Amino acid sequence: MKAYAILINQNNDHTLLFSQTLIEIIKKNGGGVVLEGYNQIEYIACIVFKTKARRDICAGELLNLKVNFTTRNDAIIPDGYL
């Protein structure tokens, strides 16, 4: 299944990345966290979404929190993951 991704850079505040705030942002936007399949030297996590619109809404919220990330339009995940 094609998905839209946010790759969270390693250079972020790790306490923010594991906070309840971030969890709530991911959940309310229908995102799922991927634990493998991306460059783990550069990124600490990958969040995937079914639609580009949901990904972009989440990305806007992350920008407000000053989270450093990269967006991608070419994620592939197993069917049924999201």
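Predicted, not measured: the structure shown is a model, and the values here were computed from it. (Residues numbered from 1 in each chain as written. Predicted model: local features only at pLDDT ≥ 70, side-chain atom pairs only at ≥ 80, totals over all residues. Heavy atoms only, no water.)

(A) Broad picture of helix α2 (residues 20–28). Of all the residues in α2, the buried ones are Leu22, Ile25 and Ile26. Summarising the axial view, the buried residues of α2 lie within an arc of 95°, below the 170-degree limit, and thus occupy one face. In α2, the exposed positions angled more than 90 degrees off the buried face are occupied by Lys27 and Lys28. Lining the buried residues of α2 we find α1 (14–17), β2 (32–34), β3 (43–49) and α3 (52–64). Note on α2: the residue one or two positions beyond its end, Gly30, has a positive phi of about 70°. (Buried < 20%, exposed > 50% of the residue type's maximum accessible area, 1.4 Å probe, protein only. Helix = DSSP H or I, 4+ residues; strand = E, 2+ residues; numbered from the N terminus. Arc of directions from axis to C-beta. Contact = heavy atoms within 4.5 Å.)

(B) Broad picture of α3. Taking 1.5 Å of rise per residue, 13 residues should cover 18 Å, and α3 covers 18 Å from first to last C-alpha, within 8% of that figure. Taken together, the buried positions of α3 are occupied by Arg55, Cys58, Ala59, Glu61 and Leu62. Looking down the long axis of α3, one finds its buried residues gathered within 160° of arc, a one-sided arrangement. Summarising the geometry of α3, the exposed residues directed more than 90 degrees from the buried face are Leu63 and Asn64. Buried residues along α3 sit against β1 (2–9), α2, β3 and β4 (69–76). Residue Lys66 follows α3 closely and has a positive phi angle near 65°. (Expected span 1.5 Å × (residues − 1).)

(C) How the structure looks around the nonpolar core. Ranked by size, the top nonpolar core spans 25 residues in total, and within it Ile6, Ile8, Cys46, Val48, Leu62, Val67 and Phe69 carry the most contacts. Elements with a minimum of two residues in this core: β1, α1, α2, β3, α3 and β4. Non-local contacts of Val48, meaning those with residues more than four positions away in its chain, are made with Ala3, Tyr4, Ala5, Gly30, Gly31, Gly32, Val34, Ala75, Ile77, Tyr81 and Leu82. (Core = buried A, V, L, I, M, F, W, Y, C linked by side-chain atoms within 4.5 Å.)

(D) Here's a closer look at the environment of His14. Position of His14 relative to the elements: it lies in helix α1. Overall, His14 belongs to the partly exposed group, its relative accessible area being 36%. A sequence separation of 50 residues divides His14 from Asn64, and the C-alpha atoms of the two residues are 16 Å apart. Within the local environment of His14, its side chain forms a polar contact with the backbone oxygen of Gln10, the two atoms lying 3.2 Å apart. (Polar contact = N/O pair within 3.5 Å; in protein donor to acceptor, adjacent residues only side chain to side chain.)

Worth remembering: the numbers are spatial, not functional.
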